[in-house]
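Working through the structure, step by step
Each chain is listed here by its residues.
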Amino acid sequence: NCNDLGPSTILTVLYNSGDKFYLIDQAASSRYLAKIQNGCFGTTPQAGCAKDVTMIANWVLSKAGSDFSTELWIKNNYDELNAVDLSLVYLSTKDTNLKNILINKLKGIQRNDGSFNKNVYDTSLGILALKEANIQTEVDSAVNWLKSKQSSDGSWENKLLNTAMALYAGFS
């Protein structure tokens, strides 16, 4: 309650991480209830933050239309040289400036053979981000690489997760 500060009071919520400050919310009011979305997920309820789990959860939440987001935590913890991180942050953020930065970095780490790290899972997530960005040449290259890695039994590396991701990304 900031009634004593007067009628021209502006309440500001800032988040500081290292040498960066983020403006989370601002209100011209003497009373304000702020909802701050800065969290993460672990592999179990007792576990600490797990980057991959948090990024997948944030992507799923954004696809489901949830207004809950862990984007603030993710922005401070993703690896700018990791195809999975770049793809998942791209797929879940609504920040168009960040999307442009992320997709350019993702394009920059795509290999000449179309893959990301010669890895089925990484390449599949890369395809999803490239598709959303409408970058067809890179998508085609990555899909062709995926097709070349499919086993005769129809799977990718005989792994359920890789096969599911490759099918979803490359052929949906």
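Further up the page is the structure itself.
Analysis parameters
Residues numbered from 1 in each chain as written. Predicted model: local features only at pLDDT ≥ 70, side-chain atom pairs only at ≥ 80, totals over all residues. Heavy atoms only, no water. Helix = DSSP H or I, 4+ residues; strand = E, 2+ residues; numbered from the N terminus. Buried < 20%, exposed > 50% of the residue type's maximum accessible area, 1.4 Å probe, protein only. Contact = heavy atoms within 4.5 Å. Areas by Shrake-Rupley, 256 points an atom, 1.4 Å probe, with all protein chains shown as cover. Disulfide = S-S within 2.5 Å. Core = buried A, V, L, I, M, F, W, Y, C linked by side-chain atoms within 4.5 Å. Salt bridge = Lys/Arg side-chain N within 4 Å of Asp/Glu carboxyl O.

**Side note on the overall build of the chain**
Scanning the chain from N- to C-terminus turns up seven helices and two strands. Helices and strands in the chain line up, N terminus first, as β-β-α-α-α-α-α-α-α. Taken across its 172 residues, the chain has 36% of its residues classed as buried. In the chain, 48% of the contacts between residues at least 6 apart in sequence involve partners at least 24 apart. Surface summary for the chain: the accessible area is close to 10000 Å², and the carbon and sulfur share equals 51%.

**A look at the state of the cysteines**
Taken as a whole and assessed by the stated rule, the structure comprises one disulfide. Note on cysteine connectivity: C40 is disulfide-linked to C49, with sulfurs 1.7 Å apart. On the sign convention where negative means left-handed, the S-S torsion of about -45 degrees between C40 and C49 marks this disulfide as left-handed. Since its relative accessible area comes to 29%, C40 is described here as partly exposed.

**Points about the nonpolar core**
Counting 34 residues, the largest nonpolar core has Y78, L106 and L125 as the members making the most contacts within it. For this core, the secondary structure elements donating two or more residues are α1 (51-63), α2 (71-75), α3 (83-92), α4 (96-109), α5 (120-132), α6 (136-149) and α7 (160-171). Setting aside chain neighbours within four positions, we find L106 in contact with A83, L86, S87, F116, G126, A129 and L130.

**Examining the pattern of salt bridges**
Inspection of the entire model under this criterion finds six salt bridges. Among the ionic pairs, D95 bridges to K75, the shortest N-O distance being 3.5 Å. Pair noted here: D95 is in the loop between α3 and α4 and K75 is in helix α2, with a separation of 20 residues, a long-range link. A relative accessible area of 27% means that D95 is categorised as partly exposed. For the salt bridge of K99 with E132, the shortest nitrogen-to-oxygen distance reads 2.8 Å. Of this pair, K99 sits in helix α4 while E132 sits in helix α5; the two residues are 33 residues apart in sequence, bridging distant segments of the chain. The exposure class assigned to K99 is buried, which follows from its relative accessible area of 14%. Look at the salt bridges and you will find they share partners, linking E71, K75 and D95 into a network.

The values are spatial; any link to function lies outside them.
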